[in-house]
Amino acid sequence: MEELVIEFHLSDRSGASPYQQLVQQVRHALRLGLLKEGDRLPTVKEVARQVAVNPNTVLKAYRELEYEGLVAARPGVGTFVTRTLADASLAAHGPLQQELRRWLTKARLAGLDDESIEALFTSTFRNAAGEDVA
C-alpha cells in the first residue's frame, strides 16, 4: 500500500463546510510544498471513510480543485496534483515555523488551550490584515 501524502481532518468549529475544508487543506499542502506535482490524492472512498463524510462531499472538493487546475482525475487510476502553489517564500517557512512553535509553547505555558490559542491567532491575524473582528 502506498504512503498517503495528505491526511485530511475536519473541524466543526472551522466555520467552513466539509468540502471547503478539504479544498483548503489541499491548497495549504500545495502552498507549503507538502504536495508536489505528480502526487496522488487519496481516493474519494478513502477520504470519505477517513473523515466520515458522504463521498459526494469529497467528489465536490476534488472537482473544485480540478476546476482550479490544481489536480486532474485519471479515470481508474486516481486524482493527481498537476501544479503546486509553493513559491520562493517557501525557504522562509522553516525559521518562521520555529518561531511560531516557540510562541505556541509560550501560549500553552500561559495557560491557553487550543481553542483560545486559535481565537487569539485568528483575531490578531485579522486585525493585522485590517479586517474587523466580530
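The structure displayed is predicted, hence computed values, not measured ones. (Residues numbered from 1 in each chain as written. Predicted model: local features only at pLDDT ≥ 70, side-chain atom pairs only at ≥ 80, totals over all residues. Heavy atoms only, no water.)

> Kindly report on the overall build of the protein chain, identifying the contributing residues and their values.
Broken down by element type, the protein chain carries 5 helices and 3 strands. In the protein chain, the succession of α and β elements from N to C terminus is α-β-α-α-β-β-α-α. In terms of overall dimensions, the protein chain has C-alpha extents of about 50 × 35 × 35 Å along its principal axes. Expressed as a percentage of its 134 residues, the buried residues of the protein chain come to 25%. For the protein chain, the proportion of contacts with a sequence separation of at least 24, taken over those separated by at least 6, is 53%. Side chains of the protein chain carry 16 positive and 18 negative charges; the gap between the two charge centres is 3 Å. (Helix = DSSP H or I, 4+ residues; strand = E, 2+ residues; numbered from the N terminus. Buried < 20%, exposed > 50% of the residue type's maximum accessible area, 1.4 Å probe, protein only. Contact = heavy atoms within 4.5 Å. Lys, Arg positive; Asp, Glu negative; His and termini not counted. Charge placed at Lys NZ, Arg CZ, Asp CG, Glu CD.)

> Can you lay out the packing of aromatic side chains for me, pointing to particular residues and giving the numbers?
Each aromatic ring pair is described using two quantities: the centre-to-centre distance and the angle formed by the ring planes. Overall, the coordinates contain 1 aromatic pair when judged by the stated rule. Positioned over the ring face of Y19 is K60, at 4.2 Å from the centre of the ring. The residue whose ring lies beneath R74 is F80, and the NZ or CZ to ring-centre distance is 4.1 Å. (Phe/Tyr/Trp six-rings, centres within 6.5 Å; stacked < 30°, edge-to-face > 60°. Lys NZ or Arg CZ within 6 Å of the ring centre and 35° of its normal.)

> Give a description of helix α1 (residues 18–31) that names residues and reports values.
The end-to-end C-alpha distance of α1 is 20 Å, a good match for the 20 Å that 14 residues give at a rise of 1.5 Å each. Taken together, the buried positions of α1 are occupied by Y19, Q21, L22, V23, Q25, V26, A29 and L30. Looking at the buried positions of α1, the neighbouring elements they touch are α2 (44–51), α3 (55–67) and β3 (78–81). Positive phi shows up at G33, right after α1, with a value of about 80°. (Expected span 1.5 Å × (residues − 1).)

> Outline the side chain of Q21, supporting the account with residue identities and numerical values.
Locating Q21 in the fold gives a position in helix α1. A polar contact is formed between the side chain of Q21 and the backbone nitrogen of S11, at a distance of 2.8 Å. Beyond its immediate stretch of four places on either side in the chain, Q21 contacts H9, L10, S11, S14 and A16. (Polar contact = N/O pair within 3.5 Å; in protein donor to acceptor, adjacent residues only side chain to side chain.)

> Residue-level account of the packing of α2 against α3, with values.
Direction vectors running N to C along α2 and α3 enclose 120°, while the axes themselves pass 8 Å from each other. Classified by the angle between their axes, α2 and α3 sit oblique to one another. α3 is crossed by α2, and the crossing has right-handed handedness. Facing α2, whose interface residues are V44, V47 and A48, α3 presents P55, V58, L59 and Y62. In terms of residue class, the contact of α2 with α3 is built from 7 nonpolar, no polar and no charged. (Axes fitted to C-alpha atoms, helices over the stretch in contact; angles between N-to-C directions. Parallel < 35°, antiparallel > 145°, perpendicular 65-115°, else oblique. Left-handed = near helix turned anticlockwise from the far one by under 90°. Nonpolar A, V, L, I, M, F, W, Y, C, P; charged D, E, K, R; others polar.)

> An account of the nonpolar core is requested, with residue identities and associated values reported.
Counting 22 residues, the largest nonpolar core has F8 and L35 as its most contacted members. Among the secondary structure elements, those contributing two or more residues to this core are α1, α2 and α3. Per-element tally for this core: the top contributor is α1, with 6 residues. Each residue touching F8, except ones within four places of it in the same chain, is listed here: L22, Q25, V26, P42, V47, Q50, V51 and Y62. (Core = buried A, V, L, I, M, F, W, Y, C linked by side-chain atoms within 4.5 Å.)

> Help me get a handle on the pairing of β3, residues and values and all.
What you see with β3 is no split at all: G78 and F80 on one side and T79 and V81 on the other are buried throughout. Both strand β1 (residues 40–41) and β3 contribute to a ladder of 2 bridges, which runs antiparallel. Among the inter-strand pairings, R40 is bridged to a residue of β3, identified as F80. Bridging between strand β2 (residues 71–74) and β3 involves 4 bridges; their strand directions are antiparallel. From the neighbouring strand, R74 faces β3, where its bridge partner is G78. In sequence, β2 turns back onto β3 through a hairpin of 3 residues, with G76 there showing a positive phi of about 80°. (Pairing = 2+ DSSP bridges.)

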